[in-house]
Amino acid sequence: MVSIGPVKNVVLLGAADFFPAIRAACEENGARCIVITSPDQQQANAQLQADIVTEELSSPACGNKLKKMLVEGEMLALSFGARWVIKQDVRDSLFRGLVLNSHGTRLPNDRGAGAFSWRIMRGDRIGTLVLHQVDDGVDTGPILVSEEYIIPRHVQTPAEHIEYYFQKLSTFACEFIKKVISSRCDFESVPQLNFSSTYYPRLHTPTHGWIDWSWPATDIEKFVLAFDDPYPGARTLWKDETVVLRNCQLHVGEIGHHPFQKGLVIRNNQKWLTIALEREYCLLVSAACDENGRDLIPRVKEGDRFFTPQSTVEGAMTSRVRFTASGLKTSD
């Protein structure tokens with residue numbers, strides 16, 4: 001059992017569009033709200049209004065500034081996509097031992113990052129709101145509160161998933177925070193079952209977003225969707241030029257295809273491309289650009305082929321990226 005409240009200091013770690021709503025909820029209910037973020041998240045979220053921007057939570061400057069901002073009373077720290085690994089010594093020295101993390105999957109499934117894209121690839125349509133305790137593992141701490149929801153049919157791209165998730169999460173987080181501000185609350189601490197856990201690493205679109213045209217048609221559609229907005233888009237080659245594909249959907253209405261025809265552009269009406277896939281399937285693509293965002297649809301000819309060398313696909317599958325508080329880590 002974990003007891004929290006009444007809380008007088010709410011520390012938000014990371015970045016989310018609904019941080020202003022949480023700050024307002026805190027102020028309306030008599031609690032101080034402090035936002036700590038990383039340099040790359042501050043740069044990407046101009047409206048964040050962070051109180052502390054730091055590459056390292058463990059830095060003396062960060063700790064001293066936080067202590068000066070706290071008011072008398074209990075503290076609650078919550079992480080929303082924070083870039084740091086918050087180890088026990090930092091949890092003890094800065095946050096009095098307790099940090100809760102928000103995670104958008106059915107833990108212990110889908111630990112790690114890139115969850116929306118991984119889930120789009122496999123067709124997972126159940127969403128989850130989770131607050132769990134941070135320990136020294138990756139998304140392994142006990143769960144305090146959770147809530148499930150069905151993802152609406154119209155939600156397809158990562159941007160749409162993220163928008164809908166944050167709408168749900170904003171309400172979920174504000175209700176939780178108001179509750180622990182107003183009174184002492186007891187939460188059952190439910191351990192995660194490691195024997196049923198799964199972990200997926202971060203994705204980086206230019207590194208991992210290469211289409212393998214030998215895949216089944218449904219897998220190709222899901223893969224292109226998984227790297228759609230807000231990400232740069234799935235990619236392949238056309239005449240040795242990198243092409244970024246977005247806004248796709250499967251189409252059944254043409255004649256069947258032999259596997260050798262996969263990737264062929266069988267129709268170009270200047271607004272979208274019809275690309276042959278397996279058997280009766282085609283891929284309709286209404287956005288095909290070069291790496292600088294220039295529209296390539298007017299240049300693509302019927303009979304041209306989109307193709308990704310197997311060496312490029314294998315490179316994507318064997319590459320792993322890491323992000324720090326300053327962004328993408330380019331070297332080990």
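The notes below deal with the structure included here. In this text, all values refer to a predicted model and were calculated from it rather than measured experimentally.

Calculation criteria
Residues numbered from 1 in each chain as written. Predicted model: local features only at pLDDT ≥ 70, side-chain atom pairs only at ≥ 80, totals over all residues. Heavy atoms only, no water. Salt bridge = Lys/Arg side-chain N within 4 Å of Asp/Glu carboxyl O. Helix = DSSP H or I, 4+ residues; strand = E, 2+ residues; numbered from the N terminus. Pairing = 2+ DSSP bridges. Contact = heavy atoms within 4.5 Å. Axes fitted to C-alpha atoms, helices over the stretch in contact; angles between N-to-C directions.

A separate point is the pattern of salt bridges. Scanning all chains against the criterion turns up 16 salt bridges. Across the salt bridge formed by Asp 51 and Arg 23, the nearest N and O atoms sit 3.3 Å from each other. Of this pair, Asp 51 sits in the loop between helix H2 (39-44) and strand S4 (52-53) while Arg 23 sits in helix H1 (residues 19-28); the two residues are 28 residues apart in sequence, bridging distant segments of the chain. For Arg 294, the salt bridge is made with Asp 290, and the minimal N-O distance between the two is 2.9 Å. Sharing partners across several salt bridges, the network here consists of Arg 106, Asp 110, Arg 119, Arg 122 and Asp 124.

Turning to the sheet that holds strand S6 (residues 99-103), a few remarks are in order. Taken in spatial order, the seven strands of this open sheet run S4-S3-S2-S5-S6-S8-S9, and their pairing is mixed. Of all the strands in the sheet, just S4 and strand S9 (143-150) have a single pairing partner and so form its edges. With five bridges connecting them, strand S2 (residues 7-14) and strand S3 (residues 32-37) associate as parallel partners. Directly across from Val 11, in S3, lies its bridge partner Ile 34. Across the sheet, helix H4 (residues 88-95) is in contact with S2, strand S5 (74-80) and S6; its angle to S5 comes to roughly 135°.

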